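Descriptive analysis of the structure
In case you want the letters, here they are:
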Amino acid sequence: MMAIRGVALMLLAAAVAAKPLSVRWGQDNERLFLTIGMDCKESTFNPMATSFLLRCRPTGTYVNFNLREDIVPEKSSCKTNGRGEQECILLKAVPHTFDRLTAKIGEIPGLKQDWGHFKEEDEGAAAEHPYAKTSDKVVRPMNREALEKAAAEENTVVFADVYYPWCTHCTRQMEDFAAAASVMASDKLIFAKVDAREDRSAIGKYNVTCKAEVPCGVWAFRAGEGGVFIDAKMNKDDMMAYLQSNLDPTLQAMDEKEVVEFLAKHETAAVVVIKGSFLAGPKQTKSYKVAKKAAEFLRGTMRVVMTEKSVQGAPVKSLSLFVNGTLKISLPVSDKENATKLAATLAAHAVPPLDTYTWSKRAGLAKLGVPIMHVFLGEEHAAERETFLALAEKFAGRLISILIPRADTYMMKEFTLPEGKLPAFGIAQGFDPKHDRFAYKGGDFSLEPLTAFVDSVMNGTAKASRKSASAQADWTRGNVKAEVWDTLSARTPEDEALLLILYKPWDESYKKDHVVLERVAQAFSNLEGIVVAHYDMNKNYVNQTAFPASPDSQIFLVQGDAPPEQFKGSVSQKEIFKFLAKRVAAVKKGWEEKVKPRLKQIKDAEAVRKKAEEAEKAAAAVKAESERVELEKKLKSAEKKSLSADGKTVKQVLVEGSGDSPKQGDQVEAHYTGTLLDGTKFDSSRDPGRSPFKFAAGEGQVIQCWDIAFMSMKRGERAVLTCEHEHAYGARGSPPTIPPAATLRFDVELIDFEPKAGKLSGGQHPGEAGKAEL
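What comes next is a walk through the structure. Note that the coordinates shown come from a computational prediction; the quantities given were computed from them, not determined experimentally.

The first and last C-alpha atoms of helix 10 (residues 382–394) sit 19 Å apart over 13 residues, in line with the 18 Å expected at 1.5 Å per residue. Within the sequence span of helix 10, burial applies to Thr387, Phe388, Leu391 and Ala392. In an axial view of helix 10, the angular spread of the buried residues amounts to 140°, which keeps them on one side of the axis. Turned more than 90 degrees away from the buried face of helix 10 sit Ala383, Glu386 and Glu393, all of them exposed. Against strand 22 (372–376), strand 23 (400–404), strand 24 (424–428) and helix 11 (447–458) lie the buried residues of helix 10.

This is the structure:
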């Protein structure tokens, strides 16, 4: 047995060769690929979320090691490939672009990378991670144990980002967190980072994920209090303000003198008055627990403290609001009081009328679920501002009024209001996206109609505004229809059955599912009674009672007056046809006469298309071989000219050019065909549908070989460049198209250039198939 630091590659046959097994691995965004040199008549695959175990019979050999990242066991598999190897595909629990196979480098002896299975290049590592720019003394690296130990220290506050490094959609929040740390961090105010890959116990504890719809955020810890998650969708200044509001204890105990000093320092604040008993102090009472919960909800909106003596007549067992040091309102805190409602009521009295919107205020109010008037005004709407101030005073204590600046008028879309058309007005039941929005659609912004609108929202008679994309006008049967909320909500029981996929544009699984649904729609092109459609959840309201929320795409059958039925099988034509045939009368009735003949037509057309493609490829291959042979003949007589002192870039001119050569920064337009030395083509701008490639010469936008060579060429010149790997893609190459340490040959033509520096544009660039930058 061979064991290395708890990760073992074990060979337990009675007579096993001393050398390790051959193990190759690769990956794409969603999967890990393993090829293991074990010849098994039978094999047993027993994966777990964090480990790999494959047993081979009859030899008794098995492979067992811990994985670097979690997988989905039930969607992972291994099989014999017929060449004396086991091929395994493991589904990643968290889709991402790049990482290692094992927890520590070198833990599987002889492990090699299978470049043919690297479907996605290292996108995450190409850019510098936000925390790489910040000293570890500012944002301290920790594991979960160290984090919780630091958080338990007296008078210490810890803000921690528990993260996956590859979550690029949280990059801006990480940058702002690091910027806040550089200003605020101290011995008693610790900023920490916990890499969830390195400490798996943190993943479940702090709900770490990399899904785009899950908010990016950080955790706040104070001694004696559990961690609190802070949604960090805010700019740096807002983040610093909100983090500042999380520094103090949730409900700090004060004596009478301290309370007076506290109220003098805070424009808006709250005081809880709770007395203990002969047997127990105030913190042991049920009223204290309710008050503390309310104080947690109010964090970010106002400071809350506790005392045992009445302040300005505020009664015992009360939560009181003070504005400019004066008692404004007292609310009773009973043992059975609803803490959320208590906090919401106090906040409704505390927030000033038409308070200007910031994300930190949103973060503080989002937890409360209090109705919020969104008032969209410009500086030119002075008269309307006065009217809305009067409206806010009229409903003070029942809802909050927020003035939305022009920079945030994108929020008008949440109310289905035309963005930027001011003045505008709407009411949300809260800041959570799930809360209903109500849009004021009247043109009269006087107090009376505005009051009537608010009353209708408050008494439940107003109709909520639902986000809807524009209805598709050009749909034809046989294609996937773009369904929208307006058309979906207007359906009647007599309408055709609807096979509907709900998706979000960034969902990778949807792209694969949509291809299947396109084929299903084509099969139904001669059949009435069933429509195949997709529904963009990012652009349309989703009724979560009818369509339960999910981060992934889902398929439903909508027909008659029955609730939508979710399709739960594997997304394939066969499974979807079986599902529909049992449920949709039109599909069952028309299967033999309309669907099957149409499927045959599609199959025959596909065969014709493939045959034409193969003929085109064959012709292209003949042409390419002819061109290669001709090129080799020309190269034999063409002079080799080394363009670099180390001889790593060589040019052979085929067609002479004329005029000047490009200088650094000039915009170059060129054609190219890139091949390996054996003639294998990996990329070409001359392929059908491609265009000449444009780049700035000498600016590092392309490989070094190109930067050197093109500044030696003239307009109209055609040449062959031989680029050794040091001047091309380096020791690693650009998998899967360019092997490691590959010397490359480029047939290039300088079409034109302009003396103007610019950005990369035009068609794909060499090596794009491998997603590597030149």
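What follows deals with the pattern of salt bridges. Going through the model one piece at a time under the given rule, you end up with 35 salt bridges. The residue arginine 31 makes a salt bridge to aspartate 28 at a minimum N-O spacing of 2.4 Å. Residue classification places arginine 31 among the partly exposed residues on the basis of a relative accessible area of 28%. What makes aspartate 28 buried here is its relative accessible area of 7%.

A few words now on the side chain of serine 525. By the element assignment, serine 525 lies in the loop between helix 13 (508–523) and strand 28 (530–536). A distance of 3.0 Å separates the side chain of serine 525 from the backbone oxygen of glutamine 522, its partner in a polar contact. When near neighbours in sequence (up to four residues on either side) are disregarded, serine 525 contacts Arg477, Gly478 and Arg598.

Quick look at empty space enclosed by the protein now. Across all of its chains, the model carries three cavities of 30 Å³ or more by this definition. In this model, the largest cavity occupies a volume close to 80 Å³. Taken together, Arg68, Glu69, Asp70, Val94, Tyr164, Trp166, Ala196, Arg197, Arg200 and Ile203 make up the full set of residues lining the largest cavity. Class assignment of the residues belonging to the lining of the largest cavity gives a composition of five nonpolar, no polar and five charged. A volume near 40 Å³ is recorded for the second largest cavity. For the second largest cavity, the full set of lining residues is Trp475, Arg477, Gly478, Asn479, Ala521, Phe524, Ile530, Val531 and Val532.

Core analysis: the largest hydrophobic core is formed by 70 residues, its most contacted members being Phe191 and Leu319. For this core, the element with the most residues is helix 8 (residues 339–350), which contributes eight residues. Each residue touching leucine 319, except ones within four places of it in the same chain, is listed here: Ala270, Val271, Val272, Ala294, Leu298, Val304, Ile329, Ser330, Leu331, Val333, Leu342 and Leu346. Counting residues in hydrophobic clusters, the runner-up holds 27 residues, among them Tyr672, Leu676, Phe693 and Phe746.

Any covalent bond linking the sulfur atoms of two cysteines counts as a disulfide. Applying the stated criterion to the full structure yields four disulfides. Shown here is the disulfide that connects cysteine 40 with cysteine 56, its sulfur atoms set 1.9 Å apart. Of note, the bridge from cysteine 40 to cysteine 56 carries an S-S torsion of about -130° and is left-handed in sense. Taken together, the residues cysteine 40 in the loop between strand 4 (31–36) and strand 5 (42–45) and cysteine 56 in strand 6 (residues 51–57) connect sequence positions 16 residues apart. An identical accessibility class is assigned to cysteine 40 and cysteine 56; each is buried. Here cysteine 170 engages in a disulfide with cysteine 216; their sulfurs sit 1.9 Å apart. Residues cysteine 170 and cysteine 216 are joined through a disulfide that is left-handed, its torsion about the S-S bond being -80°.

Further remarks concern the sheet that holds strand 18 (residues 303–307). Pairing is mixed in the open sheet, where five strands are placed in the order 16-18-17-19-20. Strands with a single pairing partner mark the edges of an open sheet, and in this sheet they are strand 16 (252–253) and strand 20 (326–332). As paired strands, strand 17 (residues 268–273) and strand 18 are joined by five bridges and run parallel to one another. Looking across to strand 18, one finds that alanine 270 is bridged to valine 304. Packed on one face of the sheet, helix 7 (residues 286–298) meets strand 17, strand 18 and strand 19 (318–323) and runs near 160° to strand 18.

This brings us to the packing of aromatic side chains. Centre distance and the angle of the planes are the two values used to describe a pair of aromatic rings. Counted under the stated rule, the structure contains 32 aromatic pairs. Considering the side-chain rings of phenylalanine 682 and phenylalanine 746, the 5.8 Å spacing of their centres and the 90° angle between planes classify their relative orientation as edge-to-face. Remark: phenylalanine 746 occurs in strand 37 (residues 744–754) and phenylalanine 682 occurs in strand 34 (residues 681–684); sequence separation between them is 64 residues. Taken individually, phenylalanine 682 and phenylalanine 746 each receive the classification buried, so the pair is uniform in this respect. In this structure an aromatic cluster arises from ring pairing among Tyr672, Phe682, Phe693, Phe695, Trp706, Phe710 and Phe746. The ring of tyrosine 62 has arginine 55 sitting right over it, with the charged end atom 5.1 Å from the ring centre. Positioned over the ring face of phenylalanine 753 is arginine 715, at 3.9 Å from the centre of the ring.

This paragraph deals with the packing of helix 7 against helix 8. Orientation of helix 7 relative to helix 8, taken along the N-to-C sense of each, is 50°, at an axis distance of 8 Å. Taken together, the axis directions place helix 7 and helix 8 in an arrangement best described as oblique. The handedness of the crossing between helix 7 and helix 8 comes out as right-handed. Together, Val290, Lys293, Ala294, Phe297 and Leu298 of helix 7 and Ala339, Thr340, Leu342, Ala343, Leu346 and Ala347 of helix 8 make up the contact between the two elements.

Definitions and limits used
Residues numbered from 1 in each chain as written. Predicted model: local features only at pLDDT ≥ 70, side-chain atom pairs only at ≥ 80, totals over all residues. Heavy atoms only, no water. Helix = DSSP H or I, 4+ residues; strand = E, 2+ residues; numbered from the N terminus. Expected span 1.5 Å × (residues − 1). Buried < 20%, exposed > 50% of the residue type's maximum accessible area, 1.4 Å probe, protein only. Arc of directions from axis to C-beta. Contact = heavy atoms within 4.5 Å. Salt bridge = Lys/Arg side-chain N within 4 Å of Asp/Glu carboxyl O. Polar contact = N/O pair within 3.5 Å; in protein donor to acceptor, adjacent residues only side chain to side chain. 1 Å grid on protein atoms, 1.4 Å probe; cavity = no way out; pocket = protein on both sides within 12 Å on 5 of 7 lines; lining within 4 Å. Points joined across faces, edges and corners; volume = space filled by probe spheres on them. Nonpolar A, V, L, I, M, F, W, Y, C, P; charged D, E, K, R; others polar. Core = buried A, V, L, I, M, F, W, Y, C linked by side-chain atoms within 4.5 Å. Disulfide = S-S within 2.5 Å. Pairing = 2+ DSSP bridges. Axes fitted to C-alpha atoms, helices over the stretch in contact; angles between N-to-C directions. Phe/Tyr/Trp six-rings, centres within 6.5 Å; stacked < 30°, edge-to-face > 60°. Lys NZ or Arg CZ within 6 Å of the ring centre and 35° of its normal. Parallel < 35°, antiparallel > 145°, perpendicular 65-115°, else oblique. Left-handed = near helix turned anticlockwise from the far one by under 90°.

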